[in-house]
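Tertiary structure, described
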Amino acid sequence: MVLALTVCGSVVALVVAGLFVFGLRRRLIQRSGGTFDCSLRWDAPQPGDSDGKGWAYGVARYNGDRVEWFRVFSYALRPRRVLERSAIEVAGRRLPEGEEELALLSDAVILACLHRGRRLELAMSDDALTGFLAWLEAAPPGQRVNVA
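Here's what I pulled together on the structure shown here. (Residues numbered from 1 in each chain as written. Predicted model: local features only at pLDDT ≥ 70, side-chain atom pairs only at ≥ 80, totals over all residues. Heavy atoms only, no water.)

Remarks on the sheet that holds strand β1 (residues 35-42)
A sheet is described by the order of its strands in space; here 7 strands give the open sequence β4-β3-β2-β1-β7-β6-β5, paired in antiparallel fashion. Two strands lie at the open edges of the sheet, namely β4 (81-84) and β5 (88-94), each paired on one side alone. The sheet shows a mean angle of 35 degrees between the axes of neighbouring strands, taken without regard to direction. Inspection of the sheet shows strand β6 (residues 109-115) paired to strand β7 (residues 118-124) by 7 bridges, in the antiparallel sense. Bridging across to β7, valine 109 finds its partner in methionine 124. The sheet strands contacting helix α1 (residues 2-30) are β1, β2 (56-63) and β3 (66-71), and the helix crosses β2 at an angle near 30 degrees. In the packing of helix α3 (residues 126-137) onto the sheet, the strands contacted are β1, β2, β3, β4, β5, β6 and β7, and the crossing angle to β5 comes to about 150 degrees. (Pairing = 2+ DSSP bridges. Helix = DSSP H or I, 4+ residues; strand = E, 2+ residues; numbered from the N terminus. Axes fitted to C-alpha atoms, helices over the stretch in contact; angles between N-to-C directions. Contact = heavy atoms within 4.5 Å.)

This is the structure we're talking about:
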């Protein structure tokens, strides 16, 4: 009986510690400001394919001329993806369709982009999209930015 209570208590303590570390990590990411919730689909399928596969929920952070994207369900303090402003080309925007509606947040707008020739899609709220597009267009003089 004592062994069972000890094991259960240890499991509960590990779960609580894990959740605490998730929260602490998110706080550290958001500490520098300029963050927004953003789902990412790297190597996105061609337009018209609306299955919900490949989406990962995350947090994006502006850092100078880069956007750093972090997975939510990870302990890593480094960004999973880094997108340079000068290398992003916006191909279009759309609303989630089909299974994507279940895979993404309810108010998401999908932005199709090319980053160094690789297709990717970002899903974010309309307010975050407005800020992201403004950040893209606010590139320093002399940088080429393609916004559709």
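Once the structure has been displayed, the description carries forward.
Describing the side chain of arginine 41
Checked against the element boundaries, arginine 41 lands in strand β1. A polar contact of 2.7 Å, which involves the side chain of arginine 41, links it to the side chain of glutamate 100. A distance of 2.7 Å separates the side chain of arginine 41 from the side chain of glutamate 121, its partner in a polar contact. (Polar contact = N/O pair within 3.5 Å; in protein donor to acceptor, adjacent residues only side chain to side chain.)

Thoughts on a nonpolar patch on the surface
A grouping of Phe20, Val21, Leu24, Leu28, Tyr75 and Leu77 is seen on the molecular surface, where their side chains present a nonpolar patch of about 590 Å² in accessible area. Inspection of the secondary structure assignment puts valine 21 in helix α1. Relative accessible area serves as the criterion here: at 37%, valine 21 is assigned to the partly exposed category. (Patch = residues over 30% accessible without salt bridge, like charges linked within 9 Å, V, L, I, M, F, W, Y side chains within 5 Å. Areas by Shrake-Rupley, 256 points an atom, 1.4 Å probe, with all protein chains shown as cover. Salt bridge = Lys/Arg side-chain N within 4 Å of Asp/Glu carboxyl O. Buried < 20%, exposed > 50% of the residue type's maximum accessible area, 1.4 Å probe, protein only.)

Digging into unusual backbone geometry
For arginine 116, which is not a glycine, the phi torsion comes out positive at approximately 55 degrees. The topology assignment puts arginine 116 in the loop between β6 and β7. Of the residues examined, arginine 116 reaches a relative accessible area of 61% and is grouped as exposed.

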